[in-house]
Amino acid sequence: MLDPGPLEPLRDSLLDWWETHGRHAIPWKLRPDGSRPGPGESLDPFGVWVAEVMLQQTQLAVVLPYWQRWMAAFPDLRTLAAASEHDVLMVWQGLGYYARARRLHGGAQRLIAAGGDPWPRTLEGWLALPGIGRSTAASILSSAFDLAHPILDGNVQRVLARLVAHPVPPKRQLADFWRLSATVLDPKRPRAFNQALMDLGAGVCTPRQPTCGACPWRELCAAYAAGDPGRFPVKDTPAPIPFQVIGVGVVQDGEGRVLIDQRLQEGLLGGLWEFPGGKQEPGEAIEATIERELREELAIEVAVGEELISLEHAYSHKRLRFVVHLCRWLAGEPQPLASQQVRWVAPQELSDYPFPAANARIIAALQARIAAG
Ligand code: SF4
């Protein structure tokens, strides 16, 4: 492990900076009356757990209103465990990566079923819950109970890589970065220190153009001393992100109802509802894609009409373009051959179903089209 330098000035300068410049209004890091907790004091682990899972793939500013909405709907573990999956997905709707919501739900049921004090105080205890990795577990333990566990999210990896001018991409030497995070952590104020480290990464030591002039670690930072902080963390050449075109049919019957299906339970968007469709084959016209997919997945024949909307959506591992056409149902009783169930619904009832983010724009386009006559 590369030497981070003298620890006391490192810890003290960061915590001094944090007192003035830290993000102190994060609701799950405060007591119920809005004041800051003292050293060693515990906070409600439920709110911390929910927030940490939301933060796994989403930034703090986006998470805040979703967290408030979630806590209003499910204020404690027991309420969440007793909720239906439909209600859980409805409240999560818009935040993406829905498997996180299902894991929170399943985790709550498991913690309640175990009886007694439901809240683990060890890394192993949290790691046993679905979807909880080491950094999330450590962050929950330090935030909720002020226990001395190092964290290593993307922000922390970047700050530490720069602090020691690490010559290897963090993903290839994670063990070394974990040791570094454990070494710099202040054992007397772990909650404050970990939060300060994250705040430094989010506000000062940012991915592009870090504001080193405002950084409490300027005098101690090897990347700054080398004159090129932006070179760290060192990166591997990224693999190209795959791109796919998806043909989607908004199928209407003679009464104006539209056909939706519920995805199978597994996968990124498992359990959500969507308009049917699938991947365009090479050389295939998009109308032919939609006809073929609806035949294969629902056993129906449709007449593909005009385009309703075309939109792009980027996931972390792929980019999709959805080309959506209005379709008229011709024949065949819809069968859920590649989904859990299919349903005809009136357009105004679509808001009763949880959809992935890309489908929300399709619904808006459909309702605008209906309103325009
Ligand atoms: S001096 Fe610059 S590069 Fe170093 S930790 Fe601070 S902001 Fe990051």
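As the structure is a computational prediction, the values presented were derived from the model and not from experiment.

(A) The packing of helix α2 (residues 45-54) against helix α6 (residues 99-114), seen in detail. Across the interface, α2 lies against α6 with an axial gap of 10 Å and an inter-helix angle of 155°. Here α2 lies roughly antiparallel to α6, going by the angle between them. Of the two possible hands of crossing, α2 and α6 adopt the one that is right-handed. Seen from α2, the contacting residues are W49, V50, V53 and M54; seen from α6, they are R100, L104, G107, A108 and L111. In the contact of α2 with α6, the residues fall into 7 nonpolar, 1 polar and 1 charged.

(B) Region of interest: unusual backbone geometry. Look at the link from F232 to P233: it is a cis peptide, with omega at -10°. Its identity as a non-glycine residue notwithstanding, D146 has a phi of 55°, on the positive side. With respect to the helices and strands, D146 occurs in the loop between α8 (134-145) and α9 (154-163). Even without a glycine there, the phi angle at A299 is positive, about 60°. Judged by its relative accessible area of 33%, A299 is partly exposed.

(C) Highlighting the packing of aromatic side chains. Under the criterion given, the structure shown has 10 aromatic pairs. Centre to centre, the rings of W49 and W126 are 6.2 Å apart; their planes meet at 55°, and the pair counts as tilted. Taken together, the positions of W49 in helix α2 and W126 in helix α7 (residues 123-127) put the pair 77 residues apart, joining distant regions of the chain. Looking at W126, the relative accessible area reads 0%, which means it is buried. Judged by centre distance (5.0 Å) and plane angle (70°), the ring pair of W273 and Y353 falls under edge-to-face. In this pair, W273 sits in strand β3 (residues 273-274) while Y353 sits in the loop between β7 (341-345) and α14 (357-371), placing the two residues 80 residues apart along the sequence. Here a set of aromatic residues connected by ring pairs shows up, and it is made of F46, W49, W119 and W126. Just above the ring of F145 sits the side chain of R121; from NZ or CZ to the centre is 4.2 Å.

(D) Broad picture of the domain arrangement of the protein. Split by domain assignment, the protein resolves into domain 1 (7-231) and domain 2 (243-371). Between the C-alpha centres of domain 1 and domain 2 the distance comes to 37 Å. Taken together, the contact pairs 9 residues of domain 1 with 16 residues of domain 2. In total, about 960 Å² of surface goes out of reach between domain 1 and domain 2, with carbon and sulfur atoms giving 53% of it. Sorting the residues of domain 1 by area buried against domain 2 places Y97, Y98 and R102 first, and these three jointly supply 50% of that buried surface. Summed over the shared surface of domain 1 and domain 2, the number is 0 salt bridges.

(E) Layout of the pattern of salt bridges. Scanning the entire structure with this criterion turns up 20 salt bridges. Each of E281, E284, R292, E293 and E296 takes part in a single network of salt bridges with overlapping partners.

(F) Representation of α6. For α6, which comprises 16 residues, the first-to-last C-alpha distance of 22 Å matches the rise-based estimate of 22 Å (1.5 Å per residue) to within 8%. Summarising the contacts, the buried residues of α6 are in contact with α2, α3 (60-73), α4 (77-82) and α5 (85-92). Looking one or two residues beyond α6, the residue adopting positive phi is G115, at roughly 75°.

(G) Examining the environment of W70 more closely. Here W70 shows up in helix α3. C-alpha separation for the pair W70 and V245, spaced 175 residues apart in sequence, amounts to 33 Å. Excluding residues within four positions of it along the chain, W70 makes contact with F46, V50, M54, L80, V88, V91, W92 and L104.

(H) Representation of the nonpolar core in the model. Ranked by size, the top nonpolar core spans 96 residues in total, and within it W49, W70, W217 and F275 carry the most contacts. The biggest single contributor to this core is α2, with 7 residues. Shared between two domains, this core holds at least three residues of each, these being domain 1 (7-231) and domain 2 (243-371). Beyond its immediate stretch of four places on either side in the chain, W217 contacts L10, S13, L14, V159, L163, F193, L197 and L200. Residues L259, L298, I300 and V302 belong to the second largest nonpolar core, which totals 9 residues.

(I) Spotlight on the side chain of D261. Of note, D261 is situated in strand β2 (residues 258-262). In this structure, D261 is buried with no salt-bridge partner, the nearest side chain bearing the opposite charge being R263 at 6.9 Å.

(J) Region of interest: the packing of α8 against helix α11 (residues 190-203). In the contact formed by α8 and α11, the axes pass within 8 Å of each other and the chain directions differ by 125°. Comparing their axes, α11 and α8 come out oblique. In this structure, α8 meets α11 at a crossing whose hand is left-handed. Every residue of α11 that contacts α8 at S139, S142, S143, A144 and F145 is listed here: P190, R191, N194 and M198. Taken together, the residues of the contact of α8 with α11 sort by class into 4 nonpolar, 4 polar and 1 charged.

The rules behind each value
- Numbers given to residues run from 1 along each chain, matching the order in which its sequence is written.
- Selection of residues for local features in this predicted model requires a pLDDT of at least 70, selection of side-chain atom pairs for listing and counting requires 80 or more, and totals for whole chains, interfaces and linings are taken over all residues.
- Based on all heavy atoms of the structure, the side-chain values leave hydrogens and waters out of the count.
- Working convention: axes come from line fits to C-alpha atoms, limited for helices to the stretch in contact. Angles between N-to-C directions cover 0 to 180 degrees.
- Here a strand is any run of E in DSSP of at least two residues, a helix any run of H or I of at least four, and the numbering for each starts at the N terminus.
- Angle categories: roughly parallel below 35 degrees, roughly antiparallel above 145, roughly perpendicular from 65 to 115, and oblique for all the rest.
- Put simply, a crossing is left-handed when the front helix is turned counterclockwise from the back one by less than a right angle, and right-handed when it is turned clockwise.
- In what follows, residue pairs with any heavy atoms lying within 4.5 Å of each other are defined as contacts.
- Residues are sorted three ways: Asp, Glu, Lys and Arg are charged, Ala, Val, Leu, Ile, Met, Phe, Trp, Tyr, Cys and Pro are nonpolar, and all the rest, Gly among them, are polar.
- Each residue's exposure class comes from its accessible area (1.4 Å probe, protein chains only) as a fraction of the maximum for that residue type: buried when under 20%, exposed when over 50%, partly exposed otherwise.
- Between the rings of Phe, Tyr and Trp (Trp by its six-membered ring), a pair exists once the centres lie within 6.5 Å; its type follows the angle of the planes, with under 30 degrees stacked, over 60 edge-to-face, and the other angles tilted.
- For a ring to carry a charge above it, either NZ of a lysine or CZ of an arginine must fall within 6 Å of the ring centroid while also lying within 35 degrees of the normal to the ring plane.
- Those domain boundaries reflect an automatic or database domain assignment.
- Summed over both partners, the accessible area (1.4 Å probe) lost when two parts come together is defined as the buried area.
- What makes a salt bridge here is a side-chain nitrogen of Lys or Arg within 4 Å of a carboxyl oxygen of Asp or Glu, nothing more.
- One fewer than the residue count of a helix, multiplied by 1.5 Å, yields its expected span.
- Note on terminology: a nonpolar core comprises buried Ala, Val, Leu, Ile, Met, Phe, Trp, Tyr and Cys residues joined through side-chain atoms within 4.5 Å.
- Only four residue types enter the charge count: Lys and Arg as positive, Asp and Glu as negative, with His and the chain ends excluded.

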